[in-house]
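Architecture at a glance
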Amino acid sequence: MNSLYRLEKFQVTMSIYATLIGAIAGICLGFGILFLFVGLRRQSDRRLNLTFALFAFGYAGTLLMGIWYRSQTTVAEYLAISRWDGIFVWLAFVALNWYVAEYTGSKPKWYLWGITAVFTLIIVAAMGNPTLTYSEMPELTTIPLPWEEEVATLSGEENIWGILLLLAELVTLVFIIVAGARQWRRGERQQALVLLGGMSWFIIALLYEILAEVGLFVSIPLAESGFLGIAIIMSLQMANTALKTEEALAASQKNLEATVAERTAELAAAQDQLITQAQETAVIDERQRLARDLHDEVTQTIYSASLIAEVLPQVWERNPE
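Conventions used here
- Residues numbered from 1 in each chain as written.
- Predicted model: local features only at pLDDT ≥ 70, side-chain atom pairs only at ≥ 80, totals over all residues.
- Heavy atoms only, no water.
- Helix = DSSP H or I, 4+ residues; strand = E, 2+ residues; numbered from the N terminus.
- Contact = heavy atoms within 4.5 Å.
- Pairing = 2+ DSSP bridges.
- Core = buried A, V, L, I, M, F, W, Y, C linked by side-chain atoms within 4.5 Å.
- Buried < 20%, exposed > 50% of the residue type's maximum accessible area, 1.4 Å probe, protein only.
- Salt bridge = Lys/Arg side-chain N within 4 Å of Asp/Glu carboxyl O.
- pLDDT = per-residue confidence, 0-100.

Things to note about the overall build of the chain
Each helix and strand counted, the chain has seven helices and two strands in total. Here the contacts in the chain between residues at least 6 apart in sequence split such that 71% fall between residues at least 24 apart.

Next comes the structure, spelled out in structure tokens:
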């Protein structure tokens, strides 16, 4: 009866945790759908929008899976669910690396393909063996939350695979910081501040959990909400960029319409001028034709008079009458 009471209490108190994480997952899922739609419709920044959408989907999936497996009461149930969480973890971290590379313009191919291969190797191996990252079979314990709630987690000593996964996550953070610093040095300071500001909460959350694992702090699953900052800030940044692009396109279209109207007016004025010039040219041509005709007629009359004047004396002599 006592164990049944604890189980019922555990399931009831999970509602607060599930509501908070579910809300975060819903926000990320909404942003993922938004930027997937934008990425599929626009040619510009397509890769940037699509990689962010994949990151948001992966992060949302990880959070939703976390709600599910953290509500289990046995190690077997926990492992059976959490093994599939690896798919979303892989998608989130790989998409995040490629997104940051696209966002900052820092695209070292050797790093991107290398970190993708490392995450792929670890996650595929962990899906085949859910206890791969532990030296021995872990135990199911609970983590107390600040509002007197407990969530389930696995407790055990991590082996080389677990350390490798942690190192891959830390390397991802270092890459984000370095890429943001390079972007800052290139003069893109606003974009760099947005990136580094969004990552600050995740860095703090991850460092807290690392220190909690060595016993310096009480372990609280902060990393599950760590990427919320970057998901929201980067989404707002990209939405702001999209709005600016729309405004620029609208202004460009307005300028184009004004230019077309101006050119149309100029063409109409030029056409009127050409018509006037054509009419003036026609009048001049007609005047010149009449002048030529009159000149020819006068010339013929004078010539005829000249001939008559020459012949008249001879006619007079032959027949004066």
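Now, onward.
Description of the pairing of strand S1 (residues 139–145)
Sheet analysis places S1 next to strand S2 (residues 149–155), joined by seven bridges and oriented antiparallel. Counterpart to Ile-143 in the pairing with S2 is Val-151. Taking the residues between adjacent antiparallel strands as the criterion, S1 and S2 are bridged by three residues, where Glu-148 takes a positive phi near 60 degrees.

Section: the nonpolar core
Core analysis: the biggest nonpolar cluster contains 47 residues, and Ile-24, Phe-55, Tyr-59, Val-100, Phe-119 and Phe-175 have the highest contact counts within it. Those elements that place two or more of their residues in this core are helix H1 (2–41), helix H2 (46–69), helix H3 (75–104), helix H4 (109–128), S1, helix H5 (160–185), helix H6 (189–213) and helix H7 (228–318). Per element, the largest residue contribution to this core is 10 residues, and it comes from H3. When sequence neighbours within four positions are dropped, the list of residues in contact with Val-100 reads Gly-105, Phe-175, Ile-176, Ala-179 and Leu-195. Listed in part, the eight residues of the second largest apolar core include Tyr-78, Ile-81, Ala-152 and Leu-154.

Comments concerning the pattern of salt bridges
Pairing between side chains becomes possible if they bear opposite charge and their charged atoms approach one another. Following the criterion strictly, the structure yields four salt bridges and no others. Its salt-bridge partner being Glu-188, residue Arg-186 comes within 3.6 Å of it at the nearest N-O pair. With a closest N to O distance of 3.8 Å, Glu-262 and Arg-263 form a salt bridge. Of the residues examined, Arg-263 reaches a relative accessible area of 43% and is grouped as partly exposed. Residues joined in a network through salt bridges with shared partners are Glu-262, Arg-263 and Glu-266.

A short note on the confidence of the model for the chain
Of the residues in the chain, 86% reach a pLDDT of 70 or more, and the chain-wide mean stands at 78. Considering each helix and strand of the chain separately, the mean pLDDT is smallest for H1, with a value of 70, and largest for H4, with 89. In the model, residues 1–13 has pLDDT below 50 throughout and makes nine contacts with residues more than four positions away in sequence or in other chains.

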